[in-house]
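This is what each chain is made of:
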Amino acid sequence: MKKIIVLFALFCSFLGSAQILDPIKWSTKVVQKSDTEFELVMDAVIDKDWHLYSQFTPDGGPQQLEFEFKNAKNNFTLVGKTKEGAYKKVYNDIFEIDEYFFSDKAHFVQLIKVINPKLKEIKVTLAGQVCIEGKCIQEDDNLTFKLPAIKVVEKVEEVIKDGQKEEIISTEVASTDVDSALMTTDIEVEKVDNKTAKVIIDNEPKEEEKKGLWTIFFLAFLGGFAALLTPCVFPMIPMTVSFFTKQSKTKAEGKRNAILYGISIILIYVLLGTIVTWAFGADALNALSTNVWFNVIFFGLLVFFATSFLGAFEIVLPNSWANKVDKQADRGGFVGILFMALALAIVSFSCTGPIVGTLLVEAASKGGLAPIVGMVGFSLALALPFMLFAMFPGWMNSLPKSGGWLNTVKVSLGFLELALAFKFLSNADLVVQGHYLERELFLIIWIVIFGAWALYLFGKLMLPHDSPISHLSVGRLYMAILVSMFTLYLIPGLWGAPLKLISGFPPPMTYSESPNGVGYKFEGNVGAVSTLPEHAHKGPHGIIAFHDYEKGLAYAKEVGKPILLDFTGYACVNCRKMEDFVWSTTEILPILKGEFVLISLYVDSKEELPKAEQYVSPETGKEIETIGNKWSDYQITRYKNNAQPYYIILDDEGKDISKPIGYTPDVEEYKTWLKEGISKFKK
């Protein structure tokens, strides 16, 4: 009985470690949109707790989903990019970017225009990454779409050539009978009329987009509040409210006019946001957010705004504008009040302009309605005091008096603008992979900027429009302490500290002159080495690694060490977690450096294999065209498993001497597994 139980346990263990995972089931259909246009619809049902990464996942993180439409040339053209349904957005502190992924289900639609009327089917190859806590797998699938019969008509044209009439007979795609498409068993279409069919796609805003708009709103509201505390706007509050209360015949009329004045301010700024959205389109600015020149131009723009706030010059609109608008304000009624609000916007532009510009830049990078939402938040914060103080005039007695503190707020905004500017420059550098503004340099710039701000708040730096100060106010002292603490917090980042408070602002730790921290000394498997073995690479934490199985095996034979075979991926989240939190520990790192030859096989490598080495997998029937395909197929064929990370210990002849394991965040468990492999190798 005991033997049966043991055998059953071993069998279950084998099944658990040698399992081909298939967490996604795909279904397809074709939807006819016009005579020659079709939608290729792809729906995925995803197993519970698994997620598939979107094609829009930012670079530098998990693998993006990619669609390859086979034999498109001379047969059909793609109309736009593949559209996808709602995805989730979650920040990943390993890659230091936002991840976009689907859970439970995913929906994709690609519009095509048929050129070849004889086209019967379209094949699509997709490649991506699917993950669950503890493991990731490559998602490689081939989808086939059957097209309905497309009618062809002959078109006769008469032309004059050398004085003679000639008839040219050509063929073109004619109207396709939608009824015949509906009768095709393997095509699902929704008939609209005899020439058109379509599928209804949900265009409701995604939940993540709604959250993003709320974030823009609150940030813009804070920006409006900051603008309110500048020298150009704050003194206007008592003046304007006093004007309405004194010029109005009754208190009720004064309150009504002040409320209309606040509403007018909101209308003016919302109109500005609407113009930006209309001028550039709902999605064009979002697409530009990763454009190099877009980010460089906005870097220059924000530096210009910051320089103005710091006191080098004032950004002022032409005086003639203010004079013309001021005359219109005397007309009375709502129109006059509207022009009064416009006059405020023009007169205060030197303070509000940079803040509005920065908010529009940030909102524009989100695309869609973000510029409008941003201006609603900004103008609401700006307008509320005028309305509230008009309704409760007694509150004005509690307002602080205007003074040098207003300029301090303005200068502080200048330092913030300057720091934010380098985020846009960093974006541009990351896109081109220029390595001009790596993590260390970015942090040094921020340390200098925030350090200078702290000195300014302590009264050690004076700028052009500052008044002499005999003492620090309590509020200014607290602010100085807070900025100083933040500056000191940034410094350990130069030595590899993750700086989670500002995750997403500086470049990722891998985008660095010294990815392991300033002062890190590289050491090989045995002591310091000046050169790597032939065909080897510098792996995580200075571990010597091979990316080719045969070459790594040859080196293991040469040095007489066991092999740690590591099936991994460049975009594998759990692989990075193992490397960052397990391999890096003092218990594990010396073992990996001194006792093993590491062979890391990247299953998501896109490097194409030479044509002579490409093949069709006898195991899966898939075309093996890239190095990543090769190692993925090797893992599936040899170990009947396709999840990453996946670790096996081999001897120097390439024979397995340990049971495979996957994601193992427990350091002691992983250490025990390594030690067992070493013991078996030495027997």
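Before any of the text, the structure's been laid out above.
Now for a quick tour of the structure. (Residues numbered from 1 in each chain as written. Predicted model: local features only at pLDDT ≥ 70, side-chain atom pairs only at ≥ 80, totals over all residues. Heavy atoms only, no water.)

Each helix and strand in the protein was counted, giving 19 helices and 20 strands. Within the protein, buried positions represent 45% of all 683 residues. For the protein, the proportion of contacts with a sequence separation of at least 24, taken over those separated by at least 6, is 69%. (Helix = DSSP H or I, 4+ residues; strand = E, 2+ residues; numbered from the N terminus. Buried < 20%, exposed > 50% of the residue type's maximum accessible area, 1.4 Å probe, protein only. Contact = heavy atoms within 4.5 Å.)

Before going further, it helps to examine the packing of aromatic side chains. Each aromatic ring pair is characterised by the separation of its centres together with the angle its planes make. Tallied over the entire structure, the rule returns 28 aromatic pairs. When the ring of Phe 299 is compared with that of Phe 422, the centres are 5.3 Å apart and the planes differ by 65°; the resulting orientation is edge-to-face. Of the two residues, Phe 299 sits in helix α7 (residues 292-309) while Phe 422 sits in helix α12 (residues 404-432), which places them 123 residues apart along the sequence. Of the aromatic side chains, those joined through ring pairs into one cluster are Phe 415, Phe 442, Trp 446, Phe 450, Trp 453, Tyr 456, Phe 486 and Tyr 489. Over the face of the ring belonging to Tyr 456 we find Arg 476, whose NZ or CZ atom lies 5.1 Å from the ring centre. (Phe/Tyr/Trp six-rings, centres within 6.5 Å; stacked < 30°, edge-to-face > 60°. Lys NZ or Arg CZ within 6 Å of the ring centre and 35° of its normal.)

Now for the sheet that holds strand β16 (residues 597-602). As a general point, the strands of a sheet are linked pairwise by backbone hydrogen bonds and lie either parallel or antiparallel. Pairing within the open sheet is mixed, and its five strands lie in the order β13-β14-β16-β15-β20. The open sheet terminates on both sides in strands that have one partner only, identified here as β13 (536-538) and β20 (646-650). Each strand of the sheet is rotated relative to its neighbour by a mean of 35°, with strand direction disregarded. In this sheet, β20 lies alongside strand β15 (residues 563-568) in antiparallel orientation, the contact comprising five bridges. Across the sheet, Phe 567 pairs through a bridge with Tyr 646, a residue of β20. (Pairing = 2+ DSSP bridges. Axes fitted to C-alpha atoms, helices over the stretch in contact; angles between N-to-C directions.)

The next subject is α7. The terminal C-alpha atoms of α7, which comprises 18 residues, lie 26 Å apart, in line with the 26 Å expected from a rise of 1.5 Å per residue. Turning to α7, its buried residues are Phe 294, Asn 295, Phe 298, Phe 299, Leu 302, Phe 305, Ala 306, Ser 308 and Phe 309. Backbone geometry just downstream of α7 places Gly 311 in the positive-phi region, at approximately 110°. (Expected span 1.5 Å × (residues − 1).)

Moving on, we get to the environment of Lys 135. Considering the arrangement of structural elements, one finds Lys 135 in strand β10 (residues 135-146). As a C-alpha pair, Lys 135 and Asn 642 span 507 residues in sequence and 9.5 Å in three-dimensional space.

So, about the sheet that holds strand β8 (residues 105-114). The strand order across the open sheet formed by four strands is β1-β2-β8-β5, and the pairing between neighbours is antiparallel. Strands at the two margins of the open sheet, each flanked by one partner only, are β1 (24-32) and β5 (76-84). For this sheet, the mean angle separating the axes of adjacent strands, direction not counted, is 20°. Here β5 pairs with β8 via six bridges, running antiparallel. When the sheet's bridge partners are listed, Lys 83 is paired in β8 with Val 109.

Moving on to helix α11 (residues 370-391). Helix length check: α11 (22 residues) gives 31 Å between terminal C-alpha atoms against 32 Å at 1.5 Å per residue, within 8%. The axis of α11 is deflected most strongly, by about 30°, at Ala 383, and proline Pro 385 appears within four residues downstream. For α11, the buried fraction is high: 16 of the 22 residues fall into the buried class. (Bend = angle between axes of the 7 residues up to and from the residue.)

To continue, consider the nonpolar core. One finds Trp 26, Leu 52, Phe 67, Phe 108, Ile 122 and Phe 145 to be the most contacted residues of the largest nonpolar core, which totals 32 residues. In terms of residue count, strand β2 (residues 37-46) provides more of this core than any other element does, five residues in total. Those residues in contact with Leu 52, other than ones at most four positions away along the chain, are Ile 24, Trp 26, Ile 46, Leu 65, Tyr 100, Phe 101, Phe 102, Ala 106, Phe 108, Gln 129 and Val 130. One finds Phe 415, Trp 446, Leu 457 and Leu 490 within the second-largest nonpolar core, a separate group that totals 31 residues. (Core = buried A, V, L, I, M, F, W, Y, C linked by side-chain atoms within 4.5 Å.)

In this section: the pattern of salt bridges. On inspection of all chains with the given rule, the structure shows eight salt bridges. We note a salt bridge from Arg 576 to Glu 579, for which the minimum N-O separation is 2.8 Å. With a gap of three residues between them, Arg 576 and Glu 579 both fall in helix α16 (residues 573-583), about one helical turn apart. The buried category is assigned to Glu 579, whose relative accessible area is 8%. Three or more residues are tied together by salt bridges with common partners; here these are Glu 121, Lys 123 and Lys 146. (Salt bridge = Lys/Arg side-chain N within 4 Å of Asp/Glu carboxyl O.)

Function cannot be read off these values alone, since they describe shape.
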